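Here's the letter readout for the chains.
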Amino acid sequence: MLYCYFVHVNEEKRQITRRRLENSRTYGWLQRASEIMDRYYVDAALGFAIPGGIGDAIAALISLVYVVFTAVKIRSFPLTLAIINNTLRDVLLGMIPFYVGDIIDVFHRSNQQNMSLIRGFVEGDEETIKTVNRKAAYSIILFVCLCILIYFMVKVVIWAGQFLFSLF
């Protein structure tokens, strides 16, 4: 009987927290940003319109709001790691030269993935929590690899730009 009481109290606290988060202005902004960036392909359009990785960097700056929300409002280190993981992967894929990365951005939809992780985590979805924990477990190694790859991708973009500029 005592166990049922604690389960009920924890469930009640979780519901209060969930309602507080879902009613926050930031949560609503994240949902709108997710829709605008991925459903209307603004993420890909930024990369296409502003070449050289700058458009992808702007899209990544917008994605930082997800990171701040999970770190400050939700206060979940594993969820924050999973969101950073998705954001870095999106930046890396978007920076693939010759607009291939922009085409990939159309299908990758990292903002919707981030919002789905946040929504599932806040709602207490067991499958989402398992996914978040799994991503967090390998994220640190992956972060180092992604940062190294992004560094080399920036070098390749700079090299390609210098090469193309030298032709003219």
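Within each chain, residues carry numbers counting from 1 in the order of the written sequence. Reporting in this predicted model follows two pLDDT cut-offs: at least 70 for local features of residues, and 80 or more for side-chain atom pairs to be given and counted; totals over whole chains, interfaces and linings ignore these cut-offs and use all residues. To get the side-chain values, take all heavy atoms of the structure and skip hydrogens and water.

Undergrad: Mind showing me how you'd approach the overall build of the protein here?
TA: A run of DSSP states H or I qualifies as a helix once it reaches four residues; a run of E qualifies as a strand once it reaches two. Both are numbered from the N-terminal end. The helix and strand inventory of the protein stands at eight helices and zero strands. Sequence-ordered secondary structure for the protein, helices as α and strands as β, is α-α-α-α-α-α-α-α. Across its three principal directions, the C-alpha atoms of the protein cover 80 × 30 × 25 Å. Each residue's exposure class comes from its accessible area (1.4 Å probe, protein chains only) as a fraction of the maximum for that residue type: buried when under 20%, exposed when over 50%, partly exposed otherwise. Relative to its 168 residues, the protein shows a buried fraction of 39%. Across the protein, the fraction of contacts at a sequence separation of at least 24, relative to all contacts at a separation of at least 6, is 75%. Residues scored as positive are Lys and Arg, those scored as negative are Asp and Glu, and His as well as the terminal groups of each chain are ignored. Where a charge lies is defined by one atom per residue type, namely NZ (Lys), CZ (Arg), CG (Asp) and CD (Glu). Separation between the mean location of the 17 positive side-chain charges and that of the 14 negative ones in the protein comes to 6 Å. Only heavy atoms enter the contact rule, under which two residues are in contact if any of them lie within 4.5 Å.

Undergrad: What exactly am I supposed to notice about the confidence of the model for the protein here?
TA: In low-pLDDT segments, the atomic positions of the prediction should not be examined closely. Residue-level confidence of the predictor is what pLDDT reports, using numbers from 0 through 100. Model confidence for the protein is summarised by a mean pLDDT of 87, while 95% of its residues fall at 70 or above. Considering each helix and strand of the protein separately, the mean pLDDT is smallest for helix α1 (residues 2-22), with a value of 67, and largest for helix α7 (residues 110-123), with 93. Confidence over residues 1-8 falls short of pLDDT 50; this stretch has zero contacts with residues more than four positions distant or in other chains.

Undergrad: What exactly am I supposed to notice about the side chain of Thr 128 here?
TA: Residue placement: Thr 128 occurs in helix α8 (residues 126-167). A polar contact of 2.6 Å, which involves the side chain of Thr 128, links it to the side chain of Asp 125. Apart from the residues lying within four places of it in its own chain, the contact partners of Thr 128 are Ser 116, Leu 117, Gly 120 and Phe 121. Here a polar contact is taken to be a pair of N or O atoms separated by no more than 3.5 Å, where protein atoms must pair a possible hydrogen donor with a possible acceptor and residues adjacent in sequence count only if both atoms sit in side chains.

Undergrad: Help me understand helix α5 (residues 77-94), please; the structure alone is not making it clear to me.
TA: Since one α-helical turn is 3.6 residues long, residues separated by three or four positions face the same way. To estimate how far a helix should extend, the number of its residues minus one is multiplied by 1.5 Å. Taking 1.5 Å per residue, 18 residues should reach 26 Å; α5 reaches 26 Å between its end C-alpha atoms and fits that length. For α5, the buried fraction is high: 13 of the 18 residues fall into the buried class. Measuring from the side-chain oxygen of the N-cap residue of α5 to the backbone nitrogen of Leu 79 gives 3.2 Å; that N-cap residue is Ser 76.

Undergrad: Is there a simple way to explain the packing of helix α4 (residues 54-74) against α7 in this structure?
TA: The relative placement of two packed helices comes down to the angle between their axes together with the axis-to-axis distance. Note on geometry: axes are lines fitted to C-alpha atoms, helical ones only across the stretch in contact, with angles between N-to-C directions running from 0 to 180 degrees. Running from amino to carboxyl end, α4 crosses α7 at an angle of 15°, the nearest separation of the two axes being 10 Å. Judged by the inter-axis angle, α4 sits roughly parallel to α7. Between α4 and α7 lies a crossing of left-handed hand. Judged by residue contacts, Ser 63, Tyr 66, Phe 69, Thr 70 and Ile 74 of α4 engage Asn 111, Asn 114, Met 115, Ile 118, Phe 121 and Val 122 from α7. Looking at side-chain class alone, the contact of α4 with α7 contains seven nonpolar, four polar and no charged residues. Relative orientations are named as follows: roughly parallel for angles under 35 degrees, roughly antiparallel for angles over 145 degrees, roughly perpendicular for angles from 65 to 115 degrees, and oblique for any other angle. Left-handed is the label given to a crossing in which the near helix is rotated counterclockwise from the far helix by less than a right angle, and right-handed is the label when the rotation is clockwise. Under this grouping Gly is polar, as are all residues other than the nonpolar Ala, Val, Leu, Ile, Met, Phe, Trp, Tyr, Cys and Pro and the charged Asp, Glu, Lys and Arg.

Undergrad: Sorry if this is basic, but what is going on with the packing of aromatic side chains here?
TA: Both the distance between ring centres and the angle between the ring planes are used here to describe each pair of aromatic rings. Any Phe, Tyr or Trp ring, taking Trp's six-membered ring, that has another such ring centre within 6.5 Å forms a pair; planes under 30 degrees apart are called stacked, those over 60 apart edge-to-face, and the others tilted. Following the criterion strictly, the structure yields four aromatic pairs and no others. Note on Trp 159 and Phe 163: the rings are 5.7 Å apart at their centroids and 15° apart in plane angle, and the pair reads as stacked. With a gap of four residues between them, Trp 159 and Phe 163 both fall in helix α8, about one helical turn apart. Overall, the relative accessible area of 55% leaves Trp 159 in the exposed class. Judged by relative accessible area, Phe 163 falls into the partly exposed class, the value being 42%.

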